[in-house]
Amino acid sequence: MAKTGVSPAKAVLLAVQLANKSDLSTLRILVSQHRKTLHTELVLRILLSHLPESLDSSAYVPFFEDLISGRIVEDSKTPVDSSALLELTEVEAQKKVRKLHLLPLAWPHCPADAPADPVILFLIHRALRIDENTGLLTQLPELLTPFLHYSDYLRTWMISTILPLVRFNYDYHPDDGAALTIAKFETLDDRAGVSLLLSKTGKEPTTEPDLTVGRDLKGLVGPWLYGDTRWKRRKVRENSSFSLQSLERLDETPSVEPKYVGWEEVFKWLLGQAGTSWKTAVKAVEQWDGPADVDLGGYEDGTTWLAEEDEIHLERRFARSGLAAAYLISEESEEALNGIQRILTRMTTLLDKDIIPTLQAAAALLSPVPDFEDNILSSKSATYLRNDLLEDHNILTTPNEQSLKLLHVLLISAFLCTKAGCSLSVRRAGELVFLQDERDQKFLFSKLMSRIGDGPKSDDRYWMKTRSEILWLRSWGAEELFEGSESVNGKGVLGQLPKESIEAELLKALLANTRYTLARSIYETSPERPLSKKALHDAIISAAMNAYDNATNANRTRGGVKKCDDILQAFPDTLDGSLDKDQLEHLITVTHYMGAYRLVFKQGEPFKPVSLRLHGDPISIIGKILDQNSRSYAKIGDFIDMGKHMVRAGLTVRKIDGETALKPEQVMEEESVAEKRVVSMCIDAALADDDFETAYSYVVTRLKEIAGPAHARTPELERRGTGLFAEPPPKVIDDWSWRAALQAGKYRRTSQTTKPTHLGNASGNLEIRHLEQRMDCLAQALRIAPKATLQEILNVYRRCEEELESHVKQEAEQEEAWDAQGDEQVMPGGYAPTPAKKTTSSRAVEEAPMSLFDLSRASMARAQNGFSALSMLKGNHTVQEKAQNASRESIDSRGSTGDASSQSTVKAPIRKRDQLKNAAVGSLASGIGWLINAPPIN
């Protein structure tokens, strides 16, 4: 070495000055001239302590390479400027050297397993100071890369620490706030490190195809977990740290082998993404081949960093994680199910199994599923859908052919349901299969049946495919696989539902969507009939009833009523001789009749057919029609037919649950009751419309023929009843006819009353004619009314009789006045007036009204004891009877002295009024004879 006149102490001080000034060219000369003093380790410490960290690595890396390789050649020709140290004595120089306090090459908290090589120590310490003082992480790869071949330790540190940190802070996610330092990054445990490195993965807006998820797993997590000594190094580093956090982590005992801990956190992250952001999880599985798939940035040395055994273990763990992620995707959509299909396809390829078809192709094929082994379909498997997904004992996520097959069949089941409009996740499908809860399966099936009608209703191929899919959902094609074996329960998501029940609902769906020909070809004329005859019959009737109940129009040529009729006609063989079919046809007929009238039950709510079927008293609906349709009572025949159709439809006799209870032997009786009620309603409607003439005609024609007694009476038993034995009360038979007749008898003419169109033999006096008609109605009421109401009817009858007497007397006076006026004044050529006799004219005698009981003394004689029951009525007539008897005797005495010739030539005819009175008395005598204990009339 040439003598430069610079002492060793001053050479050191000069080297420090040159390092502070970043004058590396002069420093190179100085080192070459004082190589013995400025040996490599001292120069490294001077550079570490005084070379500015902001200096670009490219400025000193060549000098550093020459320094450690010994390529610095002595240069004695170029002098080094040491003028700044001329005034400094040697003693002062040595003292200053001792005060330099150069940094050691080993960094603070350096792990015990760190290499002793000063070059490696310098590089790592220099990198840490650059990051701590300037944050210029991007300079570190340029600093470290030329020296990676010196040490595997340095290479591992570069790949597992610097590379993921530089990529995370600057390359992959550069716009996400403050960068993390190396020191803090190295203190992160496995969970925190994975969480940090993947915190931005899948959350940034990108354009498709998005490869960032796989990039982050390969380029961030892969390098960070590089090397099987990483966990050991971290523990050693933590042992050298005095932080409380590090001391707490020393007590943690990893549940898995230490070298796999970091990867287990990655798998847990994958499962977390499946539950919150399933698209990220799917991309992770698709874009990443597992722990062996890493991007080390070209810093690796070409050797396999994972042992074969470790690679196989981690690959199976990755496959288990993928299967677990598939079960954790909870979104119920076709897109999510297609994502699971992508996971399943990836796992199949990873495990080197047979390629599976696409989801759409598998749903079209509906291949039968063979039996599973190891009791994988037991209820215990349901707990594995949510718990212990990554554990080795979970048979659902075990990477083998059986678990792949199970996931595939659950995926197809969920896809079929979701495609039909009933969204279902794979996990929910698994619960339905493993638990086999009948209530949950019924709920799913009802949702399916409510949605399948949204498809193309007129396409028979669609309905045949839908039927095949639903049957496959029950048994997974077991009937096809094991031909001839009909198991009670299936294995699928509808396995607990009987096949016959499913077929019945499918038939109803076909009929509800008017696919009658297809339904008949499958269920009635097919050689292999899926339903028994009874089940088929019940399903058809149920479908017809449902169509009827959903109808909004009563016309049988439109809407639901037409559909109901069409369903009944579509299965002639099955419904031949069916009582239910006959009842429904009568129901359709009466509904169609009612549709011709205006009918509103509530304000603004029109009549719907279902209201008739469910009404507690359907006959009363006819009364509403009569009330809401003016003069509709004139069509009494139509309404009687309606009532009879209601009876034959089974609407009048029902059980508590609403089902018909009509027996064939009850039909005649119920029709009779319906006819009586309808006639009574028509009479009431006519009276309400002031059409007394129509009401009267109904009473004397229709009501007279059909009306019966209001109670079933047994007079003989009643007469000898001693009270020793309890007897049931009389049974009500007809409580409508007598009321209608009574109401007609109570009606009084008003100005609004409809006038008669013809009189016939009746009186020309409308009042007299009206009273006579009322008495006819009352006589009819007396004949059939119950015992308790007879007094009321008799009172009305008496008042009518009194009014009739008054009107008759008034008419007689008017006739006499008219005769007198005609004889004396009006008629020309008349004789001179002669003194009038003080006798009552024969016409007046004939016109004198007679009492009810005067006209029937024979009836009164027969009444005997019973007449005392009407003593009040009899008392009211006593005075009147005496006066009439006297009048009658006077007439007889005068009539005997009359002209014999006139008696022989003139015979007074029996007038209509007397005939009616005789009929009324006869009706009364026969009608109430039992009441007054009269003997029977021969």
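Refer to the structure above for everything that follows.
These numbers come from a predicted model, not from an experiment.

1. Re the packing of helix H32 (residues 667–688) against helix H35 (residues 737–746)
Next up, step 1: At a minimum axis separation of 9 Å, H32 and H35 run at an interaxial angle of 15 degrees. Classified by the angle between their axes, H32 and H35 sit roughly parallel to one another. As for the relative orientation of H32 and H35, their crossing is left-handed in sense. Residues Lys676, Ser680, Ile683, Asp684 and Leu687 of H32 form the contact with H35, whose participating residues are Ser737, Ala740, Gln743 and Ala744.
Next up, step 2: Residue composition of the contact of H32 with H35, grouped by class: four nonpolar, three polar and two charged.

2. Digging into the packing of aromatic side chains
Next up, step 1: If you walk through the whole model with that rule in mind, you get twelve aromatic pairs.
Next up, step 2: Aromatic pair Trp288 and Phe318: ring centres 5.2 Å apart, planes at 70 degrees, arrangement edge-to-face. Placement of Trp288 in the loop between helix H15 (278–287) and helix H16 (308–328) and of Phe318 in helix H16 is noted, with a sequence separation of 30 residues between them.
Next up, step 3: We classify Trp288 as buried; its relative accessible area is 2%.
Next up, step 4: Phe318 gets classed as buried once you look at its relative accessible area, which sits at 0%.

3. A word on the pattern of salt bridges
Next up, step 1: Applying the stated criterion across every chain yields a total of 42 salt bridges.
Next up, step 2: Ionic pairing is found between Glu505 and Lys508, a salt bridge with its closest N-O pair at 3.2 Å. Taken together, the residues Glu505 and Lys508, both in helix H24 (residues 499–512) and three residues apart, mark about one turn of the helix.
Next up, step 3: With a relative accessible area of 29%, Glu505 lands in the partly exposed category.
Next up, step 4: On the basis of relative accessible area, Lys508 is assigned to the partly exposed category, the value being 23%.
Next up, step 5: Here the residues in one salt-bridge network are Arg386, Arg428, Glu431 and Asp440, joined through shared partners.

4. A closer look at empty space enclosed by the protein
Next up, step 1: Following the criterion strictly, the structure yields seven cavities of 30 Å³ or more and no others.
Next up, step 2: Empty space within the second largest cavity amounts to approximately 70 Å³.
Next up, step 3: Around the second largest cavity sit Phe692, Glu693, Arg749, Thr753, Thr754, Pro756, Leu766, Arg769, His770 and Gln773, which together line it.
Next up, step 4: Counting residues per element, the ones that place at least two in the lining of the second largest cavity are helix H33 (692–706) and helix H36 (766–784).
Next up, step 5: The element contributing the most residues to the lining of the second largest cavity is H36, with four residues.

5. Notes on a negative patch on the surface
Next up, step 1: A contiguous patch of negative charge, built from Glu308, Glu309, Glu311 and Glu315, is present on the exposed surface.
Next up, step 2: Here Glu308 lies in helix H16.
Next up, step 3: Exposure remark for Glu308: the relative accessible area of 62% places this residue in the exposed category.

6. A short note on the environment of Arg215
Next up, step 1: Structurally, Arg215 is set in helix H11 (residues 212–224).
Next up, step 2: The exposure class assigned to Arg215 is partly exposed, which follows from its relative accessible area of 26%.
Next up, step 3: Non-local contacts of Arg215, meaning those with residues more than four positions away in its chain, are made with Tyr172, His173 and Leu220.
Next up, step 4: At 3.0 Å, the side chain of Arg215 forms a polar contact with the side chain of Asp216.

7. Here's the deal with the side chain of Glu265
Next up, step 1: Position of Glu265 among the secondary structure elements: in helix H14 (residues 261–276).
Next up, step 2: You can call Glu265 buried: its relative accessible area is 11%.
Next up, step 3: The residues contacting Glu265, other than those within four sequence positions of it, are Asp190, Arg191 and Val194.

8. Looking at the side chain of Ser403
Next up, step 1: Here Ser403 shows up in helix H19 (residues 401–419).
Next up, step 2: Those residues in contact with Ser403 that sit more than four places away from it in its chain are Leu323, Ile395, Leu396 and Thr398.

9. Quick word on H36
Next up, step 1: Over its 19 residues, H36 extends 28 Å from the first C-alpha to the last, a length consistent with the 27 Å expected when each residue adds 1.5 Å.
Next up, step 2: Buried residues dominate H36, accounting for 16 of its 19 residues.

Criteria and thresholds
Each chain carries its own residue numbering, running from 1 in the written order of its sequence. Where totals are concerned, whole chains, interfaces and linings use all residues; where local detail is concerned, this predicted model gives features only for residues with pLDDT of at least 70, and gives and counts side-chain atom pairs only at 80 or more. Note that water and hydrogens are dropped before the side-chain values are worked out from all heavy atoms of the structure. With axes taken as lines fitted to C-alpha atoms, and helix axes fitted only over the stretch in contact, angles between N-to-C directions fall between 0 and 180 degrees. By the criteria applied, helices consist of DSSP H or I runs no shorter than four residues and strands consist of E runs no shorter than two, each listed in order from the N terminus. Throughout this description, any angle smaller than 35 degrees is read as roughly parallel, any larger than 145 degrees as roughly antiparallel, any in the 65 to 115 degree range as roughly perpendicular, and the remainder as oblique. By definition, turning the near helix anticlockwise from the far helix through less than a right angle yields a left-handed crossing, and turning it clockwise yields a right-handed one. Contacts between residues were defined by any pair of non-hydrogen atoms, one from each residue, lying within 4.5 Å. Gly counts as polar in this scheme, as do all residues outside two lists: the nonpolar Ala, Val, Leu, Ile, Met, Phe, Trp, Tyr, Cys and Pro, and the charged Asp, Glu, Lys and Arg. Here a pair means two rings of Phe, Tyr or Trp (six-membered ring of Trp) with centres within 6.5 Å. Their orientation is stacked below 30 degrees between planes, edge-to-face above 60, and tilted elsewhere. Under the scheme applied here, a residue whose accessible area is under 20% of the maximum for its type counts as buried, over 50% as exposed, and between as partly exposed, the area being computed with a 1.4 Å probe on protein chains only. Every case where a carboxyl oxygen of Asp or Glu lies within 4 Å of a side-chain nitrogen of Lys or Arg is listed as a salt bridge. Only protein atoms enter the 1 Å grid used here, on which a cavity is any set of points holding a 1.4 Å probe that cannot leave and a pocket is any open set flanked by protein within 12 Å on both sides along at least five of seven lines; residues with an atom within 4 Å of a point are listed as lining. Grid points are joined across faces, edges and corners, and a volume is the space filled by probe spheres set on the points. Excluding any residue in a salt bridge, patches collect residues exceeding 30% relative accessible area, merging like charges within 9 Å and nonpolar Val, Leu, Ile, Met, Phe, Trp and Tyr side chains within 5 Å. Areas reported as accessible are Shrake-Rupley estimates using a 1.4 Å probe. Residue values count occlusion only from the protein chains shown. This count recognises Lys and Arg as positive and Asp and Glu as negative, with His and chain-terminal groups excluded. Every charge is mapped onto a representative atom, which is NZ of Lys, CZ of Arg, CG of Asp or CD of Glu. Under the rule applied, a polar contact is a pair of N or O atoms within 3.5 Å (in protein, one hydrogen donor and one hydrogen acceptor; residues adjacent in sequence only if both atoms are side-chain atoms). To estimate how far a helix should reach, multiply one less than its number of residues by 1.5 Å.

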